[in-house]
Amino acid sequence: MSNDPAPQPDLVEYEMGYGADEFGKVLLGPFSGERSDFDATEIERHHWRVSLEESTFTVDIRVAEQPPRKLGLFNLPVLDVKFSFNDTKGSQRDDFFHRFHQYFHKGGG
């Protein structure tokens with residue numbers, strides 16, 4: 001019998017230029033809309049679970065607003081975003097982040 005602790009979910013952290021409510025609107029709207037294989041559910045305020053159709057993929061996303069970044073006269077929002085992946089294949093995680101970056105990218109380019 002092993003005394004090893006249960007495996008912990010893989011954690012990925014980002015810092016993003018979003019407000020928490022704005023982030024939630026994108027996640028629950030265009031990101032997981034009817035043309036997406038991903039489904040997002042709000043667990044509690046600023047905590048969501050995203051799943052992938054016909055798979056065991058899940059990721060819990062929690063956000064926390066940080067003090068704004070000041071650039072001259074501008075105040076830019078700063079959002080701490082934590083992704084907790086549970087028993088997820090690398091390819092599914094890659095698919096998730098590919099779609100995530102498409103829908104959450106801001107700025108020019």
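What you are looking at is a predicted structure, and each value in this text was computed from that prediction instead of being measured.

Peer 1: Before we go on, may I ask you to explain the nonpolar core in this structure?
Peer 2: Note on soluble globular proteins: their nonpolar side chains tend to be buried together. Ranked by size, the top nonpolar core spans 24 residues in total, and within it Phe 23, Val 50, Ile 61 and Phe 96 carry the most contacts. Of all elements in the fold, only helix 1 (20-31), strand 2 (38-44), strand 3 (47-52), strand 4 (58-71), strand 5 (74-86) and helix 2 (90-104) reach the threshold of two or more residues within this core. For this core, the leading source of residues is helix 1, giving 5 residues. Ignoring anything within four residues of it in the chain, the contact list for Phe 23 reads Met 16, Tyr 18, Trp 48, Ile 61, Val 63, Leu 79, Val 81, Phe 100 and Phe 104.

Peer 1: Which parts of the structure should I look at to understand the sheet that holds strand 2?
Peer 2: Strand pairing within a sheet occurs via backbone hydrogen bonds; the two strands may be parallel or antiparallel. Reading across from one edge, 1-5-4-3-2 is the order of the 5 strands in this open sheet, with antiparallel pairing throughout. At either margin of the open sheet sits one strand with a lone partner, and together these are strand 1 (10-16) and strand 2. The mean inter-strand angle of the sheet, taken between neighbouring strand axes irrespective of direction, is 25 degrees. One ladder, built from 7 bridges, connects strand 1 with strand 5; its direction is antiparallel. Counterpart to Leu 11 in the pairing with strand 5 is Ser 84.

Peer 1: Looking at this model, I keep getting lost on the side chain of Asp 80. Mind explaining?
Peer 2: Inspection of the secondary structure puts Asp 80 in strand 5. Of note is the side chain of Asp 80, whose polar atom sits 2.8 Å from the side chain of Lys 82. What Asp 80 contacts, discounting residues up to four positions off in sequence, is Glu 13, Tyr 14, Arg 62, Val 63, Ala 64 and Gln 66.

Peer 1: How do you make sense of the packing of aromatic side chains when you look at a structure like this?
Peer 2: Between two aromatic rings, the relevant description is the distance of the centres plus the angle of the planes. Applying the stated criterion to the full structure yields 27 aromatic pairs. Measuring from centroid to centroid gives 6.4 Å for Phe 31 and Tyr 103, while their planes differ by 85 degrees, and the two rings are edge-to-face. In this pair, Phe 31 is assigned in helix 1 and Tyr 103 in helix 2, connecting sequence segments 72 residues apart. Classification of Phe 31 by relative accessible area gives buried; the value is 0%. On the numbers, 5.9 Å between centres and 70 degrees between planes, the contact of Phe 83 with Phe 96 is edge-to-face. Note that Phe 83 is positioned in strand 5 and Phe 96 in helix 2, a separation of 13 residues in sequence. A single burial state applies to Phe 83 and to Phe 96, both of which are buried. Its guanidinium or amino end placed over the ring of Phe 31, Arg 99 lies 5.7 Å from that ring's centre, counting from NZ or CZ.

About the cut-offs
Residues numbered from 1 in each chain as written. Predicted model: local features only at pLDDT ≥ 70, side-chain atom pairs only at ≥ 80, totals over all residues. Heavy atoms only, no water. Core = buried A, V, L, I, M, F, W, Y, C linked by side-chain atoms within 4.5 Å. Buried < 20%, exposed > 50% of the residue type's maximum accessible area, 1.4 Å probe, protein only. Helix = DSSP H or I, 4+ residues; strand = E, 2+ residues; numbered from the N terminus. Contact = heavy atoms within 4.5 Å. Pairing = 2+ DSSP bridges. Axes fitted to C-alpha atoms, helices over the stretch in contact; angles between N-to-C directions. Polar contact = N/O pair within 3.5 Å; in protein donor to acceptor, adjacent residues only side chain to side chain. Phe/Tyr/Trp six-rings, centres within 6.5 Å; stacked < 30°, edge-to-face > 60°. Lys NZ or Arg CZ within 6 Å of the ring centre and 35° of its normal.

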